[in-house]
Amino acid sequence: MTHIPKGANTPVPAGLLRVAVCRHKVAGTPSVDVSALLLDAAGKVRGDADLVFRDRPAHPSGAVRHVGTGDSETQLAEWLELDLPRMEPAVQRVLIAASCAGGAFGAVPGLAAQTVAPDGTVLVHYEVTDASTETAFVLGEFYRRDGRWKFRAVGQGYDSGLAGLATDFGIVAARPASPRGPVPNTGVSKVAGPPPGALPGPGAAREPGAMPEPGATRQPGVTRQPARAAAEPAGPAPAAKTATASAASTASAASPASASPASASTASAASTASAASPARKSSPTRLGEDFRPWTRSGRGERVVSVKLPAGPVIVEGRHDGEGLFCVDTLDDDKQPDRLVLNSARPRFRGRGLATVPADRRLRLRVQFHGDWEIAVRPLSAARALRTGEEATGSGPEVLRYDGPAADLRARFDGGRNSELFCVHSHEPDRLNDLYDYKLLVNELGRVDKTAPLPRGPLLVTVTNGEGDWRLQATPIPVRDSSAAPADGVYKGRRDTTVTLVNPRPGHPALLEYEIDNADDRGHEVVLLDEYGDSDGEWMNGSRHGERGSHVMFAAGQAQRTLQIRRAGKWRLRLLPIEEAPLLKGPVEGTGSALLRYQGPPTLLRLGRTTEEAGYLVAHALNHPRGQRTLIADTDTRRRPVVGPVWVDPEGSCFVRVQAGDGVGWRVEPVPLDEVPVIGGGTKRVTGRGFGVVRHTGPETEMLLTHDYDMLSDLIHLFELDENLFPVRHIGRSRGRHRLPNGFLQIRGFGEWGLEQRR
């Protein structure tokens, strides 16, 4: 792996690469959205399609894709995929950019960009160390030089946010005129994820934010500046060979005319004779006005138009050939306005949404080399998605849901080549803007997940799904709190899912657990949210032991659901939190335990009392916020370490000691005045392992040294606030750092030193 500083460059292999923009997983930090900009020789985008981000996750060429997010215990990552051999010759540079919502990049800990090879090898690592007030950032760029590709660490920030960054590259923040839509997957196979411990791999994408301005709730995309708009090519997005495993037609409430496609001359006549509009509305519906369906058939590229009641409609397309099939709406200047259908699937049948303008006809451009048919239907023709019933299909579809709030289970077979699968919901009062939707599913490859479905009536659209899919709406279960055992004891055998009910909602509880391991890997306990999706691992046998105690309902929840895996016989018992031992002086124990702390912010010394060289760490948890922060980690060594106990002045504080079976430990509070001091006459302090230092002088530059074998660069430095909470990650490597006045936490495993430099 090559670490490069800001401004440096290094060659990269001209193949399939993944790029991760990663950051440390710290509660309360701003969210980050990542994008790629494809630039020409003039350093500008050529059109809307040259911006790839969450809501527009694939470039028409297939050379750049947004492939989702990853989440590990300590890191978050957002992933892009670059297929450099397929990059169009006109593209000279690919920028990796990010925007920040809810704060500035100076508050984003561990911001970095990594380039990963198909076998998972990390090729290049660039860490941003100088971010401050910027709300948009260009982290790096891939560029051509003498027939080869290189990566440069740019590190350029913009205080003016996304708009400032966009202006430099020929785009302005606005609603997109025509997202070209993800074209069929062009043969790029999934590559192996990064090696274990490197970065979290791409997973389920979180709800998109496009590239929002800081503080904005939604920014659908960007469009080109008017001066460049006229140059945008009007032809279809290029596509390569694709296919799906299914050739089944999509069932519909009203199928198009069954007549065979007409000849090209017939289609031409139909497009010029469209002045004969269909019968006008017969009655209004909650989701639009009814009218008689309108159909046309033709061959090759044609533009057809029809006069219909203004508002959203369903556009249905079909053909029995092979090749790229596209249907666009056209604007006043007869330029592409919105992509309705886009598929390379043979024997295509699919539906999408379009909007009929209030002041003119609906114009549709159909592109296909063979015979085709299209139909325009009212929203009342949408297929019904009924609670408890399964809707199936293959390709884009429009469904209507009239039921209560529900869990929507979405399953997708992935198509032939890990295709993109997107599901949106549109509320009735927002159908005039088809970009105003809620993204329910946005994933590549096989999908089996559950998403919250709002109460109907609403439209549910499958916008991408080049394979077979199934959707099922299930009413949200209402759990009966009376089903909780009176003695607070839950027990069972083997793998299961159990819902614990809080005997005192609004308060935390003490959970005592006994979980026998079913195999050598140890048991695993995962927290599930209200939709059955994982909130991450909560406990495991190797780190927490088979017996111990933990805090439950840390934020006062009424109930929590646990999934117990790889377990034999197990028993859980809920007790009042007041039964947790009180930490007032030295406390000793074995295995994992929960302690209560009632006092001001303090330091805690953690040490081992047995020869067992197992896992031993301590965390501070606070109620009612439920936040957790690391106190200290012993790195399996016997040397005692010291860390801060964060205390929320408005809540309760708990100290969680995590240790494996047979690991004995001792903890004791340490007065703040015992912490090493640097400043005044003391120019240097030293230590080993986790520790806390107090800087008494003004903000100044200091040199941090660390010596720990192969991990000599892995040392973290945090600024602590008055409650000893780590409010800022200053750095994670040796070298010079500008340090503020106050308490600092050092998280390292070897010998370290902190020295003032002038």
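Nothing here was measured: the structure is a model prediction, and the numbers come from that model.

S.K.: Give a description of the overall build of the protein that names residues and reports values.
M.R.: Looking only at helices and strands, the protein has four helices and 58 strands in total. By residue count, 55% of the 758 residues in the protein fall in the buried class. When contacts within the protein are restricted to residue pairs at least 6 apart in sequence, long-range pairs at least 24 apart make up 76% of them. Accessible surface, the protein: about 31,200 Å² in total, of which carbon and sulfur atoms supply 47%.

S.K.: A description of the sheet that holds strand 56 (residues 735-739) should follow, citing residues and the corresponding values.
M.R.: Each strand in a sheet pairs with another by means of backbone hydrogen bonds, the pair being arranged parallel or else antiparallel. One open sheet accounts for four strands, arranged 51-58-53-56; its pairing is antiparallel. Where the open sheet ends on each side, the last strands, each with one partner, are strand 51 (684-688) and strand 56. Sheet twist, expressed as the mean angle between neighbouring strand axes with direction ignored, is 25°. Both strand 51 and strand 58 (residues 751-756) contribute to a ladder of five bridges, which runs antiparallel. What sits directly across from Arg 688, in strand 58, is Glu 751.

S.K.: I'd like a description of the layout of surface pockets, backed by residues and values.
M.R.: The space that makes up the second largest pocket amounts to roughly 450 Å³. Lining the second largest pocket we find 24 residues, and of these Thr 129, Asp 130, Arg 728, His 729 and Ile 730 sit closest to its centre. Breaking the lining of the second largest pocket down by element, the ones donating at least two residues are strand 55 (726-731) and strand 56.

S.K.: How would you sum up the pairing of strand 57 (residues 742-747)? Please name residues and give values.
M.R.: Where burial is concerned, most of strand 57 is hidden: six out of the six residues are buried. Where strand 52 (residues 691-695) meets strand 57, five bridges bridge the pair, whose relative direction is antiparallel. Opposite Gly 691, over in strand 57, you have Ile 746 as the bridge partner. Bridge analysis of strand 54 (residues 716-720) against strand 57 gives four bridges, and the strand direction is antiparallel. Across the sheet, residue Phe 718 finds its bridge partner in strand 57, namely Gln 745.

S.K.: So what's going on with the packing of aromatic side chains? Residues and values would help.
M.R.: Counted according to the given criterion, the structure contains seven aromatic pairs. When the centroid spacing of 5.8 Å and the interplanar angle of 80° are considered together, the rings of Phe 325 and Phe 368 count as edge-to-face. Of the two residues, Phe 325 sits in strand 20 (residues 325-330) while Phe 368 sits in the loop between strand 23 (362-367) and strand 24 (371-377), which places them 43 residues apart along the sequence. Three or more aromatic residues link up through ring pairs in this structure, and these residues are Phe 325, Phe 348 and Phe 368. The ring of Trp 79 has Arg 18 sitting right over it, with the charged end atom 5.9 Å from the ring centre. Lying across the ring of Tyr 143, Arg 152 places its NZ or CZ 4.1 Å from the centre.

S.K.: Got a sec to walk through the sheet that holds strand 8 (residues 93-101)? Specific residues and values, please.
M.R.: Strand order in the open sheet formed by six strands is 2-12-11-8-4-5, and the pairing between neighbours is antiparallel. The outermost strands of the open sheet, each flanked by one partner alone, are strand 2 (9-12) and strand 5 (51-52).

S.K.: Tell me about the nonpolar core, and name the residues and values.
M.R.: Residues Met 87 and Phe 142 are the most contacted members of the largest nonpolar core, which totals 34 residues. Elements that contribute at least two residues to this core include exactly strand 3 (16-24), strand 4 (31-39), strand 7 (75-83), strand 8, strand 10 (122-127), strand 11 (136-145) and strand 12 (148-158). Of all hydrophobic cores here, the second largest spans 24 residues; its members include Tyr 597, Val 645, Cys 653 and Val 667.

S.K.: Tell me what's going on with a positive patch on the surface, and back it up with residues and numbers.
M.R.: On the surface, a cluster of positive charge is made up of Lys 491, Arg 493, Arg 494, Lys 569 and Arg 571. Where the positive patch is concerned, the elements lending two or more residues are strand 34 (489-493) and strand 41 (567-576). One can find Arg 571 in strand 41.

S.K.: Any chance you could break down the pattern of salt bridges for me, citing the residues and the numbers?
M.R.: Throughout the structure, instances matching the rule amount to 43 salt bridges. Notably, a salt bridge pairs Arg 347 with Asp 320, separated by 3.7 Å at the nearest N-O pair. Of this pair, Arg 347 sits in the loop between strand 21 (336-343) and strand 22 (349-356) while Asp 320 sits in the loop between strand 19 (311-318) and strand 20; the two residues are 27 residues apart in sequence, bridging distant segments of the chain. Arg 347 gets classed as partly exposed once you look at its relative accessible area, which sits at 40%. On the accessibility criterion, Asp 320 (46% relative accessible area) is partly exposed. Across the pair Arg 666 and Glu 668 runs a salt bridge, and its minimum N-O distance is 3.9 Å. Members of the salt-bridge network, linked through shared partners, are Glu 588, Arg 605, Arg 666 and Glu 668.

S.K.: Explain the environment of Thr 69 to me, and be specific about the residues and the numbers.
M.R.: Inspection of the secondary structure assignment puts Thr 69 in strand 6 (residues 64-71). The sequence separation of Thr 69 and Glu 443 amounts to 374 residues, and the corresponding C-alpha distance is 9.8 Å.

S.K.: Outline the confidence of the model for the protein, supporting the account with residue identities and numerical values.
M.R.: Per-residue confidence for the protein averages 80 on the pLDDT scale, and 82% of its residues sit at or above 70. Every residue in residues 203-285 is under pLDDT 50, and counting partners more than four places away or in other chains gives 209 contacts.

S.K.: So what's going on with the side chain of Asp 633? Which residues, and what values?
M.R.: The topology assignment puts Asp 633 in strand 46 (residues 627-633). This buried residue, Asp 633, is left without a salt bridge; Arg 608 holds the nearest opposite charge, at 6.8 Å. A polar contact of 2.9 Å, which involves the side chain of Asp 633, links it to the backbone nitrogen of Asp 635.

S.K.: Lay out helix 1 (residues 161-168) with the relevant residues and their values.
M.R.: Burial in helix 1 covers these residues: Gly 161, Leu 162, Gly 164, Leu 165 and Ala 166. In the segment just after helix 1, Gly 170 is the residue with positive phi, at about 85°.

S.K.: Can you lay out the pairing of strand 54 for me, pointing to particular residues and giving the numbers?
M.R.: With four of its five residues buried, strand 54 lies for the most part within the structure. Between strand 54 and strand 55, which pair antiparallel in sequence order, lie five residues; one of them, Leu 724, sits at a positive phi of approximately 65°.

S.K.: I'd like a description of the environment of Ser 297, backed by residues and values.
M.R.: Its location among the elements puts Ser 297 in strand 17 (residues 294-299). A residue is classified by how much of its surface remains accessible, and Ser 297, at 18% relative accessible area, is buried. In the structure, Ser 297 is positioned 21 residues away from Arg 318 in sequence and 9.5 Å away in space, judged by C-alpha atoms.

S.K.: Please give an account of unusual backbone geometry that cites residues and values.
M.R.: Following Gly 456, the chain continues to Pro 457 via a peptide bond in cis, the omega torsion being 5°. Mapping Pro 457 onto the fold places it in the loop between strand 31 (447-453) and strand 32 (458-465). Within the chain, Lys 334 stands out as a residue other than glycine whose phi angle is a positive 60°. As for its placement among the helices and strands, Lys 334 is situated in the loop between strand 20 and strand 21. Look at Arg 494: it is not a glycine, yet its phi comes out positive at around 60°. For Arg 494, the location among the structural elements is in the loop between strand 34 and strand 35 (496-501).

About the criteria used
Residues numbered from 1 in each chain as written. Predicted model: local features only at pLDDT ≥ 70, side-chain atom pairs only at ≥ 80, totals over all residues. Heavy atoms only, no water. Helix = DSSP H or I, 4+ residues; strand = E, 2+ residues; numbered from the N terminus. Buried < 20%, exposed > 50% of the residue type's maximum accessible area, 1.4 Å probe, protein only. Contact = heavy atoms within 4.5 Å. Areas by Shrake-Rupley, 256 points an atom, 1.4 Å probe, with all protein chains shown as cover. Pairing = 2+ DSSP bridges. Axes fitted to C-alpha atoms, helices over the stretch in contact; angles between N-to-C directions. 1 Å grid on protein atoms, 1.4 Å probe; cavity = no way out; pocket = protein on both sides within 12 Å on 5 of 7 lines; lining within 4 Å. Points joined across faces, edges and corners; volume = space filled by probe spheres on them. Phe/Tyr/Trp six-rings, centres within 6.5 Å; stacked < 30°, edge-to-face > 60°. Lys NZ or Arg CZ within 6 Å of the ring centre and 35° of its normal. Core = buried A, V, L, I, M, F, W, Y, C linked by side-chain atoms within 4.5 Å. Patch = residues over 30% accessible without salt bridge, like charges linked within 9 Å, V, L, I, M, F, W, Y side chains within 5 Å. Salt bridge = Lys/Arg side-chain N within 4 Å of Asp/Glu carboxyl O. Lys, Arg positive; Asp, Glu negative; His and termini not counted. Charge placed at Lys NZ, Arg CZ, Asp CG, Glu CD. pLDDT = per-residue confidence, 0-100. Polar contact = N/O pair within 3.5 Å; in protein donor to acceptor, adjacent residues only side chain to side chain.

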